[in-house]
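# Results of the structural survey
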Amino acid sequence: MRNRFTELFEGLLNSNPFKNYYKKNRLRPPGAANEETFMELCIRCARCIEVCPYDSIERADLFEKLQIGTPYVYPENKACYLCMRCMKVCPTGALNPKLTDGKHVRMGIAVINQNICLNFLYYKDEMTGVSSTGTAQLCGTCYNVCPYTDEAIVMEKFILPVVTDKCTGCGICTEKCPATPEKAIAIYPEGMPVDKNTGYFGRRSKVHGEERKKSKDALKGEKLLEEKQKIDSSDAKPDFEYNTENYDQEW
Amino acid sequence: MKIKRYRRAAQLLTVFAIFFIPVLNVFELYFIKGTFISMDIGDAAMADPLAVFQSMIAAGRVNEYMLGSVVIPVVLMLLLGRVWCSWFCPYYLCAEFMSWMRGKLRMKAYKPKFAENIHIKQSKVRYIFLFAGLVLMAVAGVPILNLISAPGIISTQAMVLVKFHYVTFELVFVAVLLLLELFYFRFWCRFLCPTGTFLSFFRSKRGMTVRKVRTECSDCMSCVRSCPMMINPMTMGDTSHCNNCGDCVDACPDNKKEDTLKFTFK
């Protein structure tokens, strides 16, 4: 029963402008398959949004065209903490309910921007012997906050963070990254490794960075240094007594 | 005791639940969770059959989670008829409120005169609208009929309001529908609502239906006048249009003397 008409009909159903309308990728909650299958299965019942204890999952607004009501995670605001609750409540299996271990989640992959990451900058300065920024800062936050430390993020040469295939894409590193205004580590959603294709996700990340630049409350640059130099502990003494009696004892 | 009182109590309870369930979830009590598109009570999952049907078509496959979540609504539909619409749907309550408002404002809505074949016209519009929606959905590959499901929008917006403290523009759609409700008598529930249309496919004649028990009555036609779905409850109680609201049973003057129009199981 395959002829020209059925093929035409199939082609109409599978590749029309409407179909690609929503192909702006988002970071979906854990357990979501690829974007196309997810959009077909998701009935926008908002149960995963309701059940999320960290308010990580947000609800897509009216302005996102056909994506209205679908859940997404925006790790710069709030990352996914892999509590594995949302996939259990999904009524259609858009989020795979068989997934119980956070290790098998593949929401996306973290990508480190080596021009911003403090550790990479420090390493470059160390190699050339010239400090480009005038400061020497070491960070390692992403390595510390990663739920799968030494598996998903490893420290190369003890200072350079490198993301491996075991990255779940939860985005905790992105949330906690101290680099401003742009985060040095970003999550590229599953199946969208190219920066251009991240669409709305990428665009919003840019806007977010600019907003943060403008905000007056944030301490940055020399102000932050001044503020930090005020912290003085030269005269401070501990308010407990040292117990030195047992120091020589053998354990 | 009038049936309307029980019905009103059930409707108000659902409106209360719409706001109370998200509050429970904010305090991390997860016994009941979800919105009126899909809900969990304990381990029993329920979902809007139309929503699940759409995702079945769009994805082209069926899995056990989909089937499991449809069981309870379909069984309820087979046993009690389309009680979801009249007894629980929050939009239906709003529409009834708008009818009451219309009375207060002394406006006259467009309400066609009763005719025996009016339900056939209604059916045509309903099924064509549902079918067109399903075709559009297949083209887009996204369950878009959920976006115009009025009770779904109301309950999702309530959840968003409680959890994130804002509402989105989808609520404007419901507001427009309710405004139009002032001018056209129950046009959404009678003609267009895709959820109600899809639910009425599961209407069984053996479930709860309104029937005329006695052969003769005073023929006052007050049941016909009271029916919000514009059908004749004496003869068409078992069609898919009737949503078992019980307004006709309340309106019947003969019921006081002897049971004439009653809810019966067959």
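Attention in this report is confined to the structure presented alongside it. Values in this document were obtained by computation on a predicted structure and should not be read as measured data.

### Examining the pairing of strand 3 (residues 44-47) of chain B
All names here are of chain B.
- Bridge count between strand 2 (residues 38-41) and strand 3: four bridges; the pairing is antiparallel. Residue Asp40 lies in a different strand from strand 3, and its bridge partner there is Ala45.
- Following strand 2, the chain reverses through two residues before pairing antiparallel with strand 3; Gly42 in that reversal takes a positive phi of roughly 65°.

### Things to note about the nonpolar core
- Judged by nonpolar contacts, the single largest core of 57 residues is most densely connected at Ile49, Ile57, Leu82, Cys86, Leu95 and Ile185 of chain A.
- Beyond its immediate stretch of four places on either side in the chain, Ile185 of chain A contacts Ala110, Val111, Ile112, Cys142, Cys173, Thr174 and Cys177 of chain A.
- Within the second largest apolar cluster, 28 residues are counted, among which are Met39, Leu178, Trp188 and Cys189 of chain B.

### Considering the packing of aromatic side chains
All names here are of chain B.
- Per the stated rule, a full pass over the model turns up 11 aromatic pairs over all chains.
- Through successive ring pairs, a cluster of aromatic residues spans Phe53, Tyr127, Phe198, Phe201 and Phe202.
- The residue whose ring lies beneath Arg186 is Tyr92, and the NZ or CZ to ring-centre distance is 5.1 Å.

### Thoughts on the environment of Tyr74 of chain A
Residues and elements named next belong to chain A.
- Looking at where Tyr74 falls in the secondary structure, it is placed in the loop between strand 2 (71-73) and helix 4 (86-89).
- The exposure class of Tyr74 is buried, given its relative accessible area of 2%.
- With 48 residues separating them in the primary sequence, Tyr74 and Arg26 have C-alpha atoms 8.2 Å apart.

### So, the side chain of Arg59 of chain A
- Looking at the element boundaries, Arg59 of chain A is found in strand 1 (residues 57-59).
- Under the relative-accessibility criterion, Arg59 of chain A is labelled buried at 7%.

### A few points about the side chain of Arg28 of chain A
All names here are of chain A.
- When you line up the elements, Arg28 lands in the loop between helix 1 (4-14) and helix 2 (35-41).
- Of the polar contacts made by the side chain of Arg28, one reaches the side chain of Thr70; its length is 3.3 Å.
- Among the polar contacts made by the side chain of Arg28, one reaches the main-chain carbonyl oxygen of Pro71 at a distance of 2.8 Å.
- Sequence-distant contacts of Arg28, that is, excluding residues within four places in its chain, are made with Glu35, Phe38, Met39, Gln67, Thr70, Pro71, Tyr72, Val73 and Met107.

### Here's the deal with the pattern of salt bridges
Residue and element names in this part refer to chain B.
- By the definition in use, this model includes 10 salt bridges over all chains.
- The partner of Asp247 in a salt bridge is Arg7, with the nearest N and O atoms 3.0 Å apart. One end of the pair, Asp247, is in helix 13 (residues 247-251); the other, Arg7, is in helix 1 (residues 3-26), with 240 residues separating them in the sequence.
- The partner of Arg214 in a salt bridge is Glu258, with the nearest N and O atoms 3.4 Å apart. A residue pair is termed long-range when its members are at least 10 positions apart, and Arg214 in the loop between strand 4 (209-212) and helix 11 (222-226) and Glu258 in the loop between helix 13 and strand 5 (261-264) qualify at 44 residues.
- A relative accessible area of 27% means that Arg214 is categorised as partly exposed.
- One continuous salt-bridge network, built from bridges that share partners, spans Arg7, Arg8, Glu96 and Asp247.

### Some thoughts on the interface of chain B and chain A
- With 45 residues of chain B at the contact, the number on the chain A side is 35 residues.
- On the chain B side of the contact with chain A, Tyr65, Val139 and Lys163 of chain B bury the most area, a combined 17% of that side's loss.
- Run the count over chain B and chain A and you get three salt bridges.
- Ionic pairing is found between Arg47 of chain A and Asp40 of chain B, a salt bridge with its closest N-O pair at 3.0 Å.
- For the pair chain B and chain A, the number of links is 14 residue pairs in polar contact (both at pLDDT 80 or more).
- At the level of secondary structure, the elements contributing two or more residues to the side of chain B that touches chain A comprise helix 1, strand 1 (32-34), strand 2, strand 3, helix 2 (49-59), helix 3 (64-80), helix 6 (118-140) and helix 7 (150-164) of chain B.
- The leading source of residues in the side of chain B that touches chain A is helix 7 of chain B, at six residues.
- Classifying every residue of the side of chain B that touches chain A by side-chain character gives 26 nonpolar, 12 polar and seven charged.

### Here we look at a nonpolar patch on the surface
- Together, Leu62 and Phe63 of chain A together with Tyr110, Phe169, Val172, Val176, Leu180, Phe183 and Tyr184 of chain B make up an exposed nonpolar region whose accessible area comes to about 900 Å².
- Here Tyr184 of chain B is to be found in the loop between helix 8 (170-181) and helix 9 (187-192).

Reading guide: rules and limits
Residues numbered from 1 in each chain as written. Chains lettered and ligands numbered in written order. Predicted model: local features only at pLDDT ≥ 70, side-chain atom pairs only at ≥ 80, totals over all residues. Heavy atoms only, no water. Pairing = 2+ DSSP bridges. Helix = DSSP H or I, 4+ residues; strand = E, 2+ residues; numbered from the N terminus. Core = buried A, V, L, I, M, F, W, Y, C linked by side-chain atoms within 4.5 Å. Buried < 20%, exposed > 50% of the residue type's maximum accessible area, 1.4 Å probe, protein only. Contact = heavy atoms within 4.5 Å. Phe/Tyr/Trp six-rings, centres within 6.5 Å; stacked < 30°, edge-to-face > 60°. Lys NZ or Arg CZ within 6 Å of the ring centre and 35° of its normal. Polar contact = N/O pair within 3.5 Å; in protein donor to acceptor, adjacent residues only side chain to side chain. Salt bridge = Lys/Arg side-chain N within 4 Å of Asp/Glu carboxyl O. Buried area = accessible area lost by both parts, 1.4 Å probe. Nonpolar A, V, L, I, M, F, W, Y, C, P; charged D, E, K, R; others polar. Patch = residues over 30% accessible without salt bridge, like charges linked within 9 Å, V, L, I, M, F, W, Y side chains within 5 Å. Areas by Shrake-Rupley, 256 points an atom, 1.4 Å probe, with all protein chains shown as cover.

Purely geometric numbers; function is a separate question.
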